[in-house]
Each structure stands twice: as structure tokens, then as C-alpha cells.
Amino acid sequence: MKREELNSLLAEIRGVRDRTMAELSDIPESDFAVPVDLPRWDEVRRVLLRFGEHMREHANQIEKAREDLQRSRTMPQHMLAEAERAWGQVLAATTGLADSDLDTAPEPGSWSVRTVLAHMLETEQRYLDAVRRARAGAPDQD
């Protein structure tokens, strides 16, 4: 599989996951017992549990395939993979937040969710720019 095909497939998976999160992040627990038409996961609760398990199961399968192919990650790739895990935690932490939650600081002097996310955006861009400059041989301008 060419890298473009892999990226396209990953984007498709991401798209379905994004739609799932958008449509189901505010599902009430009262809907847990609603039956679904899947033979092994016969109610909404079980499907939601499987949603996370399925991704972890196959991530482990891919990790094992890499190991078997002797294609372990380089240290930079490992570090970037850890950053992606952290991104998943950020997405999880924002699931189900209402618009009104975004600007409410949990306690005086602390940051609101929106402030934290704006800070993350600015910092991510600064990190990328710094590495680009370093790789291009330009002096750091932080």
C-alpha cells in the first residue's frame, strides 16, 4: 500500500470516528439498553464499549505486525506517537462539553477550556516552526 493510500484510509477512519463522536457524545445513559441489530453487541451500551476496545485491539495488532516485520519506530517516531496518544486524551476530555462549558474557568485564576485549547494551538505552531527553522539551519526566533 502506498503512503497516500494509507493516509487516505486513516483519514476515512478518522472521519467515521469524528461523525460517531459528534452524533453520540451526548447520548443519555437511558439509551444504553436500546437494542441494536448487531449479533454480538446487542445494545447501545455494548456497542459504545466495543467502540474503544476495537481501536485498541487493532492498534495492538498493528504494533505486533511492526514487531514481526522488524519495523520498530525510531525515537522521533515514538515521541510523535506519544504526542498522538496525548491528542486522543485531549479529544476525550472535550467529549460532551457544552458551548457554555468552554469559557468557564473551574476556579478563580485557572484557565477555561477555550483558553487551554488556544494556548495549545499557539504552542503547537511554535513547536513546529522551531523545528522547521532548526532543520533549515535558521537561528531560533522564539
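Notes on the structure in this doc start here. (Residues numbered from 1 in each chain as written. Predicted model: local features only at pLDDT ≥ 70, side-chain atom pairs only at ≥ 80, totals over all residues. Heavy atoms only, no water.)

1. Comments concerning the overall build of the protein
Part 1 of the argument: The helix and strand tally for the protein stands at four helices and zero strands.
Part 2 of the argument: Reading the protein from its N terminus to its C terminus gives the helix and strand order α-α-α-α.
Part 3 of the argument: The C-alpha radius of gyration of the protein comes to 20 Å, more than 25% above the 14 Å expected for a compact globule of 142 residues.
Part 4 of the argument: Based on the C-alpha atoms only, the size of the protein along its principal axes is roughly 60 × 50 × 20 Å.
Part 5 of the argument: Put simply, the protein has 142 residues, and 6% of those count as buried.
Part 6 of the argument: Expressed as a percentage of contacts within the protein between residues at least 6 apart in sequence, the contacts between residues at least 24 apart total 22%.
Part 7 of the argument: Accessible area of the protein: about 12,000 Å², with a carbon and sulfur share of 56%.
Part 8 of the argument: The average position of the 20 basic charges and that of the 27 acidic charges among the side chains of the protein differ by 8 Å. (Helix = DSSP H or I, 4+ residues; strand = E, 2+ residues; numbered from the N terminus. Rg over C-alpha atoms; globule rule 2.2 N^0.38 Å. Buried < 20%, exposed > 50% of the residue type's maximum accessible area, 1.4 Å probe, protein only. Contact = heavy atoms within 4.5 Å. Areas by Shrake-Rupley, 256 points an atom, 1.4 Å probe, with all protein chains shown as cover. Lys, Arg positive; Asp, Glu negative; His and termini not counted. Charge placed at Lys NZ, Arg CZ, Asp CG, Glu CD.)

2. Re a nonpolar patch on the surface
Part 1 of the argument: On the surface, Met 1, Leu 9, Leu 10, Ile 13 and Met 55 cluster together into a nonpolar patch covering about 480 Å² of accessible area.
Part 2 of the argument: Take the nonpolar patch: its biggest share by element is three residues, from helix H1 (residues 3-24).
Part 3 of the argument: Following the sequence through the fold, Met 1 ends up in the segment before H1. (Patch = residues over 30% accessible without salt bridge, like charges linked within 9 Å, V, L, I, M, F, W, Y side chains within 5 Å. Salt bridge = Lys/Arg side-chain N within 4 Å of Asp/Glu carboxyl O.)

3. As for the packing of aromatic side chains
Part 1 of the argument: The full count for this structure, using the stated rule, is zero aromatic pairs.
Part 2 of the argument: Just above the ring of Phe 51 sits the side chain of Arg 17; from NZ or CZ to the centre is 4.2 Å. (Phe/Tyr/Trp six-rings, centres within 6.5 Å; stacked < 30°, edge-to-face > 60°. Lys NZ or Arg CZ within 6 Å of the ring centre and 35° of its normal.)

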